Amino acid sequence: EGRMAGNSIRCVAKYLFDNGMVKGKNITIETLSGVKELSLFTFNGKVSSVSVEMGKAVLDGRNIPSTLDGESVVDRAITVGGKNYNVTLVNVGNPHCVVFCDKVDAERVNTEFVRVVNDTTLKMRVWERGNGETLACGTGAAAAVVAAVLNGYCRPDTDVTVKVRGGDLFVRYTSDGMVTLTGGVKQVFEGYIEF
């Protein structure tokens, strides 16, 4: 069970506001990784985008959790299936392993593969455990930006665009370790469950 999902929590905020369950544009939602603060932005009375304060990024290897030790696991060489990778581990509500590479479309494993386009833009593909490839992963995008800052590809206190197959996400990793995720939201279907 995931402790929190960055994109899902933003969609929940849209649903709550658009259906009159909350009135304010600043709300809190309790998750298994703590209470998250969300800011809702509206257009024509409906939520069009949402920012969520993801909290402080966890970098300590044991607290990710992982089997890799260290106060932080940044650009660490590992071997998986006979292939060498340099990984950066980040937990932003869920644990993530970030690998920087030249071609994100060629990889097929349970992690984020990121190409640095420039110091404010990343391209990412993600293969999520239990789900396969997903069009977007909010906590993965947040982890990718934290890893990019830690590896010197991006600067802290700067909005970084993360391009995923489902659209663009925007992440800010501050000098004090806090992470904010922002992105558009829209309703794509509605359903009912009978039990």
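Located above this text is the structure these notes cover.
Residue indices follow the written sequence of each chain, beginning from 1 at its first position. Per-residue local features of the predicted model are confined to residues with pLDDT of at least 70, and side-chain atom pairs are confined, for both listing and counting, to 80 or more; whole-chain, interface and lining totals are unaffected and use all residues. In computing side-chain properties, one takes all heavy atoms of the structure into account and sets aside hydrogens as well as water.

A. Just the overall build of the protein, in detail. Only DSSP runs of H or I covering at least 4 residues are called helices, and only runs of E covering at least 2 are called strands; the numbering of each starts at the N terminus. Along its length, the protein carries 2 helices and 12 strands. Just to be clear, the radius of gyration here is over C-alpha atoms, and the globule rule we use is 2.2 Å times residues to the power 0.38. The C-alpha radius of gyration of the protein comes to 17 Å, within 12% of the 16 Å expected for a compact globule of 195 residues. Counting only C-alpha atoms and orienting by the principal axes, one finds that the protein spans roughly 50 × 40 × 30 Å. Relative to its 195 residues, the protein shows a buried fraction of 44%. The criterion used for residue contact is that any of the two residues' heavy atoms lie within 4.5 Å. A separation threshold of at least 6 residues defines the contact pool for the protein, and within that pool the share at least 24 residues apart is 47%. Of the roughly 10,800 Å² of accessible surface on the protein, 51% is carried by carbon and sulfur atoms. Under the convention used here, Asp and Glu are negative, Lys and Arg are positive, and both His and the chain ends fall outside the count. The atoms used to mark charge sites are NZ of Lys, CZ of Arg, CG of Asp and CD of Glu. Positive and negative charge centroids in the protein, built from 22 and 22 side chains respectively, lie 5 Å apart. Note on exposure labels: buried denotes an accessible area under 20% of the residue type's maximum, exposed denotes more than 50%, and partly exposed covers the range between, all computed with a 1.4 Å probe on protein chains only. The method behind every accessible area is Shrake-Rupley, applied with a 1.4 Å probe, and residues are considered shielded solely by the protein chains displayed.

B. Expanded view of the side chain of Ser49. Considering the arrangement of structural elements, one finds Ser49 in strand β3 (residues 46-56). For Ser49, a relative accessible area of 18% translates into the label buried. Ser49 has contacts with Ser39, Leu40, Phe41, Gly183, Gly184 and Val185, leaving out every residue within four places of it along the chain.

C. Summary view of the pairing of strand β4 (residues 76-80). Here, a strand pair is defined by DSSP locating no fewer than two bridges between the strands. Examined bridge by bridge, β4 and strand β5 (residues 83-91) share 5 bridges and lie antiparallel to one another. Opposite Arg76, over in β5, you have Val87 as the bridge partner. Taken together, β4 and the strand that follows it, β5, pair antiparallel across an intervening segment of 2 residues, in which Gly81 is found at a positive phi of about 60°.

D. Main features of the side chain of Asn7. With respect to the secondary-structure elements, Asn7 resides in helix α1 (residues 6-18). We call two N or O atoms a polar contact when they sit within 3.5 Å, provided that within protein one can donate a hydrogen and the other can accept it, with sequence-adjacent residues counted only if both atoms are side-chain atoms. Among the polar contacts made by the side chain of Asn7, one reaches the side chain of Arg10 at a distance of 2.8 Å. Ignoring sequence-local partners within four residues, the contact set of Asn7 consists of Ala136, Cys137, Gly138, Leu169 and Leu181.

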